[in-house]
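Analysis of the macromolecular model
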Amino acid sequence: AADVLTFGETMLAAQLPGPLAVGAEARTTIAGAESNVAIGLARLGHRAVWAGLVGDDEPGRLILRTLRGEGVDTSHAGVRPEAPTGGMLRERRVADLVRVHYWRRHSAASLLAPPDLAPALRAGARVLHLTGITCALGTGPLEAVRDAAAHAHAHGWTVVLDVNHRHRLWTGEEAGRALLPLLEHVTVLIASDDELPVVTGAFAERPRGEEAAVDALLAAGVREVVVKRGGEGAAFRDGDGSRHTVPALRVPVRDTVGAGDAFCAGYLSGLLDGLPPERRLDRANTLGAFAVASDGDWEGLPRRDELGLLTAAPGTTIR
Ligand code: ADP
Ligand code: KDG
């Protein structure tokens, strides 16, 4: 069986170094939070399965062959000729501000429904990785997430939910309504500190502090809560009362998009390797740091023998 099963939408992405303009030079790549995680895991030697739908088009073929080239198992991915592969454009509008545009409504990936995932669920995995993004794609994808979470929970897999709130897709209230019912199946919840209100139903009322939000999640049955704090690092708490915080690695910041997915891949890798919580956070921070210190969501992620690279002195040339 696989180590990790993940599924969602992977898109053709164009990354612009400035604002969108006629004749601007864009870098083409593929992007999608779930496939970013799958690639991060595969590079570390884990067996990662990515399931999802692409169109019968050139972007869809690029996505599947890129994932296969990265060692991700795509045998449960599907091609839907009746809809196109989704797309996204990322403008570095000014130095420190990135703006994202999506073309994903009515995309092939948004047609995902529970039957599409049945073979992958039957095949089994140790860990199911879910994100809020897939839940935002439509009723079919949300049902697929619900079914997968219930199936994985019933079969004793570890269920990891990364909140991954995308304001461009839905509101905090909508996300909360979709995600709260999932919590009973979730083993590990990963969120940025600013995403906690989404999964505690607190966005409408008085906002709760991080401590109270994590209390609420643990009370809802989540076993571990991992909070990402950007350049500050990350924190961990579990139902047995253990808590850890780990500072971020100090690296030059190139491109912060994808850091959360890299972090998640690192955390999952630590879980699969049986590391204790603090070392899981270390690996998560290490992968997050690789993502922020390199261009693209996943292109700079490390292989296993590269995990120690960031401890080299700044400006090092390895020769
Ligand atoms: P997201 O991308 O989901 O919003 P964060 O911005 O919190 O998530 O980043 C995720 C993780 O990436 C952090 O917990 C940290 O490990 C790492 N990270 C983010 N920003 C930096 C930074 N400036 N320097 C080093 N590591 C970072
Ligand atoms: O986390 C990085 C993602 O934002 C990117 O790869 C695209 O899946 C994506 C999304 O929905 O934003």
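In this report, we go over the structure that sits alongside the text. The shown structure was predicted, so the numbers you read here are calculated from the model rather than taken from an experiment. (Residues numbered from 1 in each chain as written. Chains lettered and ligands numbered in written order. Predicted model: local features only at pLDDT ≥ 70, side-chain atom pairs only at ≥ 80, totals over all residues. Heavy atoms only, no water.)

This next bit is on the site of ligand 1. Around ligand 1 there are 16 residues in total, and Lys228, Gly230, Gly233, Leu249 and Asn285 lie nearest to it. For ligand 1, an oxygen atom lies 2.8 Å from a polar atom in the backbone of Gly230. For ligand 1, an oxygen atom lies 3.0 Å from a polar atom in the backbone of Gly233. Contributing elements (two or more residues each) for the shell around ligand 1: helix 9 (259-272) and helix 10 (277-292). The class makeup of the residues in the shell around ligand 1 is 7 nonpolar, 7 polar and 2 charged. (Near = heavy atom within 4 Å. Polar contact = N/O pair within 3.5 Å; in protein donor to acceptor, adjacent residues only side chain to side chain. Helix = DSSP H or I, 4+ residues; strand = E, 2+ residues; numbered from the N terminus. Nonpolar A, V, L, I, M, F, W, Y, C, P; charged D, E, K, R; others polar.)

As a further point, take the sheet that holds strand 3 (residues 27-31). A sheet is described by the order of its strands in space; here 4 strands give the open sequence 3-2-7-8, paired in mixed fashion. Looking at the sheet topology across the chains shown, the edges are occupied by strand 3 and strand 8 (97-103). Ignoring which end each strand starts from, the neighbouring axes of this sheet average 25° apart. Strand direction decides the pairing type here: strand 7 (residues 87-94) and strand 8, joined by 7 bridges, are antiparallel. When the bridges of strand 8 are listed, Val94 appears paired with Leu97. (Pairing = 2+ DSSP bridges. Axes fitted to C-alpha atoms, helices over the stretch in contact; angles between N-to-C directions.)

Once that is clear, we can look at the site of ligand 2. Neighbouring ligand 2 are 13 residues; Tyr102, Arg104, Arg166, Asp261 and Asp297 lie closest to it. For ligand 2, an oxygen atom lies 2.7 Å from a polar atom in the side chain of Arg104. Within the side chain of Asp261, an N or O atom sits 2.6 Å from an oxygen atom of ligand 2. Out of a free accessible area of 310 Å², ligand 2 has 95% covered by protein chains. Partitioning the shell around ligand 2 into residue classes produces 7 nonpolar, 2 polar and 4 charged. (Areas by Shrake-Rupley, 256 points an atom, 1.4 Å probe, with all protein chains shown as cover.)

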